[in-house]
Amino acid sequence: MNFEQIVNHIKASLGEEIIFSTDENASPKAIIIKAENLVEVMDFLQKNDQLYFDSLSCITGLDNGPEANTMEMIYNLYSIPYDYHMMVKVELPREKPAIDSLCSLWKTADWQEREVYDMYGIHINNHPDLRRILMPADWDGFPLRKDYQEQEYYRGIKVEY
C-alpha cells in the first residue's frame with residue numbers, strides 16, 4: 001500500500017473526519033490527527049491486519065514557539081512485515097499541553113514519552129511512571145521549549161553555559 005491507500009483505508013475504517021490533514025512533504029509522509037483520536041487511530045494502525053504498524057520507532061515533541069502558541073507530538077511508525085513507514089502528528093495548545101499515553105500499545109513509548117515530558121513539559125495522561133528521565137527531578141523548566149530560561153543557580157551552584 002502506498003501512503004494515499006493507507007490514508008483512504010484509515011478513513012474508510014474510522015471515518016473521513018478522523019484525519020485532520022496530511023503532510024506529504026514530511027519524511028516519512030504524515031497524517032495529522034486530533035489529540036482526542038490518538039489512541040483510537042494508533043490502536044487501529046497497530047492491530048489492523050492490512051497495516052500492522054508493529055514498531056513505534058520514535059516519539060518526539062516540537063515547540064512551535066510562543067507566536068504560534070502550539071506544540072506537537074510526532075510519532076514515527078514502521079510496519080516490519082509490510083515495510084510501511086508513516087508519521088502521525090498531533091498539534092497541542094502551548095498552555096498545559098497534554099496527550100494520552102501509548103504505553104498500552106507499544107512498550108517503547110514508556111521512555112520516549114518520559115523524554116518528551118522532561119524536555120518539553122507535555123503531560124502524558126495515563127503514563128505508568130511519568131517523571132523526569134534526563135534532567136534532575138527538581139529542575140526548573142523544560143529545556144527544549146523555545147522560551148526556556150536557563151537557571152542561574154542549581155542547588156546553590158552557579159550554572160555556567
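This text goes with the structure placed above it.
The residue numbering used here restarts from 1 in each chain and proceeds along that chain's sequence as written. Totals for whole chains, interfaces and linings use every residue, but because this is a predicted model, local features are given only for residues with pLDDT of at least 70 and side-chain atom pairs only at 80 or more, for both listing and counting. For the side-chain quantities, the full set of heavy atoms in the structure was used; hydrogens and water were omitted.

(A) Highlighting the sheet that holds strand β1 (residues 21–23). Only when DSSP finds a minimum of two bridges between them are two strands counted as paired. Helix numbers and strand numbers start at the N terminus; a helix is a DSSP run of H or I with at least 4 residues, a strand a run of E with at least 2. Spatial strand order, β1-β2-β5-β4-β3: 5 strands in an open sheet with mixed pairing. For this open sheet the edge positions go to β1 and β3 (55–63), each flanked by a neighbour on one side alone. Going across the sheet, the axis of each strand differs from the next one's by a mean of 25°, ignoring polarity. Axis lines are fitted to C-alpha atoms, over the contacting stretch for helices. Their N-to-C directions set the angle, which ranges from 0 to 180 degrees.

(B) Quick peek at the packing of helix α1 (residues 3–14) against helix α2 (residues 38–47). Between α1 and α2, the shortest axis-to-axis distance is 11 Å and the interhelical angle comes to 115°. Like other packed secondary-structure pairs, α1 and α2 cross with a definite hand, here right-handed. Where α1 abuts α2, its residues His9, Ile10, Ser13 and Leu14 lie against Glu40, Val41, Phe44 and Leu45. Residue type decides the class: Asp, Glu, Lys and Arg count as charged, Ala, Val, Leu, Ile, Met, Phe, Trp, Tyr, Cys and Pro as nonpolar, and the leftover types, Gly among them, as polar. Here the residues of the contact of α1 with α2 are counted per class, giving 5 nonpolar, 2 polar and 1 charged. The hand of a helix crossing depends on one turn: near helix anticlockwise from the far one by less than a right angle means left-handed, and clockwise means right-handed. In what follows, residue pairs with any heavy atoms lying within 4.5 Å of each other are defined as contacts.

(C) Inspection of the nonpolar core at higher detail. By size, the foremost hydrophobic cluster in this structure holds 37 residues, and its most contacted members are Ile10, Ile31, Met42, Leu45 and Tyr75. Secondary structure elements with two or more residues in this core: α1, β2 (30–33), α2, β3, β4 (70–79), β5 (84–93) and α4 (109–120). Apart from the residues lying within four places of it in its own chain, the contact partners of Met42 are Tyr75, Leu77, Val88, Leu102, Leu105 and Trp106. By convention a nonpolar core is built from buried Ala, Val, Leu, Ile, Met, Phe, Trp, Tyr and Cys residues, the set being connected through side-chain atoms within 4.5 Å. Exposure is judged per residue with a 1.4 Å probe applied to protein chains only, and the accessible area is read against the type maximum: over 50% gives exposed, under 20% gives buried, and values in between give partly exposed.

(D) Representation of the state of the cysteines in the model. Our working definition of a disulfide is a cysteine sulfur pair at a distance within 2.5 Å. Counting across every chain of the model gives 0 disulfides. Unpaired in this structure, Cys58 has its nearest cysteine sulfur neighbour in Cys103, at a distance of 15 Å.

(E) Fine view of the pairing of β4. For β4, the tally of buried residues reaches 8 of 10 residues, placing the bulk of the element in the interior. Here 8 bridges tie β3 to β4, and the two strands are oriented antiparallel to one another. By the bridge assignment, Thr60 is partnered in β4 with Ile74. Examined bridge by bridge, β4 and β5 share 10 bridges and lie antiparallel to one another. By the bridge assignment for β5, Met73 is matched with Val90. Between β4 and β5, which pair antiparallel and follow one another directly, the connecting turn spans 4 residues, one of which, Asp83, has a positive phi of 60°.

These values are about where atoms sit, not about what they do.
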